[in-house]
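Topology and contacts: notes
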Amino acid sequence: MFYPQGGGQRYDVGKINGNQVEEVQKHSGAVLHRTPNHDLKEGKSIKGVVNGEKRKQLTQHHSTTHMVNAAAREELGEHIYQAGASKKLEKARLDITHYEKPDQDTLDEIEGKVRETIQEDHKINVLEMDKSEAEQEYGFRIYQGGAPPGNTIRLIDIEDVDIEACGGTHLTQTSHAEEFIVTGCKRIQDGVVRLEYKAGKAAEEYISTLLDIYEDSKEILEIDRPLNDEDKRQEVRDLAKVFSVEKKDLKKTLERFVEEKKDFRDKRDRLADFLEIEERESPEERKPASLSEAGELLFDQRMFYEKRVEKLESRIEEYVEEKADEDTVLEVPTENIGLLIQVTQKLSSMKSARITLIGDKGGVSASENNLDAREPLKERFKDVQGDKGFAKAFN
Ligand SMILES: [Zn+2]
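Along each chain, residues carry numbers from 1 onward, in the same order as the chain's sequence is written. Given that the model is predicted, a residue must reach a pLDDT of at least 70 before its local features are reported, and side-chain atom pairs must reach 80 or more before they are shown or counted; all residues, however, enter totals for whole chains, interfaces and linings. As a rule here, side-chain values come from all non-hydrogen atoms in the structure, and water together with hydrogens is ignored.

1. Comments concerning the coordination of the zinc ion
Selection rule: Note that water is not among the atoms considered, so a metal site may appear incomplete; the donors listed are N, O and S atoms within 2.8 Å of the metal, with 3.2 Å applied to Na, K and Ca. Secondary structure elements follow DSSP: runs of H or I of four or more residues count as helices, runs of E of two or more count as strands, with numbering from the N terminus. A simple rule labels every residue: compare its accessible area, found with a 1.4 Å probe on the protein chains alone, to the largest value its type can have, and call it buried under 20%, exposed over 50%, or partly exposed in between.
Looking at the zinc ion, the protein donor atoms are His 62 (NE2), His 66 (NE2) and Cys 166 (SG), and they sit 2.0 to 2.3 Å from it. Mapped onto the polypeptide sequence, the residues donating to the zinc ion form the spacing pattern H-x3-H-x99-C. Taken together, the residues span about one helical turn, with His 62 and His 66 both in helix α1 (residues 52-76) at a distance of four residues. Under the relative-accessibility criterion, His 66 is labelled buried at 2%.

2. Topic: the nonpolar core
As a rule of thumb, nonpolar side chains are buried together in soluble globular proteins. For clarity, the cut-off: We define the nonpolar core as a collection of buried residues of types Ala, Val, Leu, Ile, Met, Phe, Trp, Tyr and Cys that are connected through side-chain atoms lying within 4.5 Å of one another. Whether two residues touch is decided by their heavy atoms; if any such pair falls within 4.5 Å, the residues are in contact.
Counting residues in each nonpolar core, the largest one holds 26 residues, and the members touching the most others are Val 68, Ala 72, Ile 96, Val 114, Phe 180, Leu 195 and Tyr 197. Looking at this core, the elements with two or more residues in it are α1, β7 (92-97), α2 (104-119), β9 (152-158), β11 (180-189) and β12 (192-199). When residues in this core are grouped by element, the largest group, five residues, is from α1. Beyond its immediate sequence surroundings of up to four residues, Tyr 197 is in contact with His 61, Thr 64, Thr 65, Val 68, Lys 91, Ala 92, Arg 93, Leu 94, Phe 180, Ile 181, Val 182 and Thr 183. The next biggest cluster of nonpolar side chains, apart from the first, holds 24 residues, and it includes Phe 304, Leu 312, Val 320 and Val 332.

3. Description of the pattern of salt bridges
Counted only if it meets this: Salt bridges, as used here, are contacts in which a Lys or Arg side-chain nitrogen is within 4 Å of a carboxyl oxygen on Asp or Glu.
As enumerated under the stated definition, the model contains 39 salt bridges in all. Between Lys 361 and Glu 335 there is a salt bridge; the shortest N-O distance is 3.8 Å. Separated by 26 residues along the polypeptide, Lys 361 in the loop between β14 (354-359) and β15 (362-367) and Glu 335 in the loop between β13 (327-331) and α9 (337-351) bring together distant segments of the chain. On the accessibility criterion, Glu 335 (38% relative accessible area) is partly exposed. Close ionic contact of Lys 378 with Glu 375 constitutes a salt bridge, the shortest N to O distance being 3.4 Å. Placement of the pair is Lys 378 and Glu 375 together in helix α10 (residues 375-378), with a separation of three residues, close to one helical turn. Classification of Lys 378 by relative accessible area gives partly exposed; the value is 45%. Looking at Glu 375, the relative accessible area reads 38%, which means it is partly exposed. Put simply, Glu 215, Lys 218, Asp 224 and Lys 232 are held in one network by salt bridges that share partners.

4. Overview of the domain arrangement of the chain
Put simply, the rule reads: Boundaries of every domain are those given by an automatic assignment or by a domain database.
Domain assignment breaks the chain into domain 1 (54-202), domain 2 (251-313) and domain 3 (317-394). Domain 1 and domain 2 are separated by 47 Å when their C-alpha centres are compared.

5. Description of unusual backbone geometry
Positive phi outside glycine occurs at Asn 17, with the angle close to 50°. In this fold, Asn 17 is placed in the loop between β1 (14-16) and β2 (19-21). Phi at Asp 160 takes a positive value of approximately 65°, unusual for a residue other than glycine. Among the secondary structure elements, Asp 160 is positioned in the loop between β9 and β10 (162-165). You can call Asp 160 exposed: its relative accessible area is 78%.

6. A short note on the layout of surface pockets
Here is the rule: Lining residues are those with an atom within 4 Å of a point, where the points come from a 1 Å grid over the protein atoms alone and group into cavities, where a 1.4 Å probe fits but cannot get out, or pockets, open sets with protein on both sides within 12 Å along at least five of seven lines. Grid points are joined across faces, edges and corners, and a volume is the space filled by probe spheres set on the points. Each residue receives one of three labels: charged for Asp, Glu, Lys and Arg, nonpolar for Ala, Val, Leu, Ile, Met, Phe, Trp, Tyr, Cys and Pro, and polar for the others, Gly being one of them.
Reported here for the largest pocket is a volume of approximately 840 Å³. Those elements that place two or more of their residues in the lining of the largest pocket are α2, β11, β12, α4 (200-221) and α5 (229-243). When residues of the lining of the largest pocket are assigned to their parent elements, the largest contribution, five residues, is made by β11. Of the residues assigned to the lining of the largest pocket, the class counts are nine nonpolar, five polar and 14 charged.

Written as structure tokens, this is what we have:
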């Protein structure tokens, strides 16, 4: 009655006479139930209760796996075969024989086909058949999970959709899968592509997580547009693509980008002030129409300000050179101490002067004449390292 680990389907859990069954495995023809704490004795009658909720979830994942296989075959071609499968509680996957990772549109088609199969409510029949008879009638395609031993085989027939030999637990109607969503796809080896998906409650939970991600993203990006749930999911998918991250990482990625954009803009403004350069405000004005457009804009803005900071930093030397005389102390709004070291050393020898530059993270001083390089830094920093020629101090 308990389904043991097999055919890629996870074992059932539940109770035998009130004792927790934690694992069920098939071993040399017997089904072994692991119950760590039990009072079972030989000859005693037992009552087993399978955890129905978990069984249902595994069954939904198993039946939808057959539907995914059929949908992939319909969408990608007759060469599609099952190379492996796994049906766990939280997710399921099917490895198929295909040469390249299908694009998003194709994955959407596969997802749509499975959802359609669920909505159309096909009957799922379990047939016991003579093996050679089944092979003659349906071909060798019935052996998606490999040919089982024995003369009779058990076939799972999803009417008008798919038929294959299988020993797993199955729904009686496709509509019992309730919900379905493709969650991922990757090429796992030469000629094998892995499709990941969820059905039933696992799918519902995943979808509600996606909608939460949508709400979070919309708030961070300050976009408000009335959308249905399907479009919200699509927006989340598009947005994740913009940043090349997993959907679950979107919120923290967006927060990081907002933070970094502000940071770079601030640095740019301070540098521009210091260098007495008029900065054009730039890409702030674009008005995004969708979440992914807002994401692209944020991405571009962050890049823009970072590039501006780099550009302005490259002009520090020229500016300091213009200002420098025999003993120059300047506060430079940059964290780039490496750059300050380079500039002070070069300019002090070029101008035979003492150049002291104090950045955000510390300061450096270099002197060509016999001036003590440590002196100008001493007032501000406790630990000044160096001597007459060169000194530095860090915050
Ligand atoms: Zn199966």
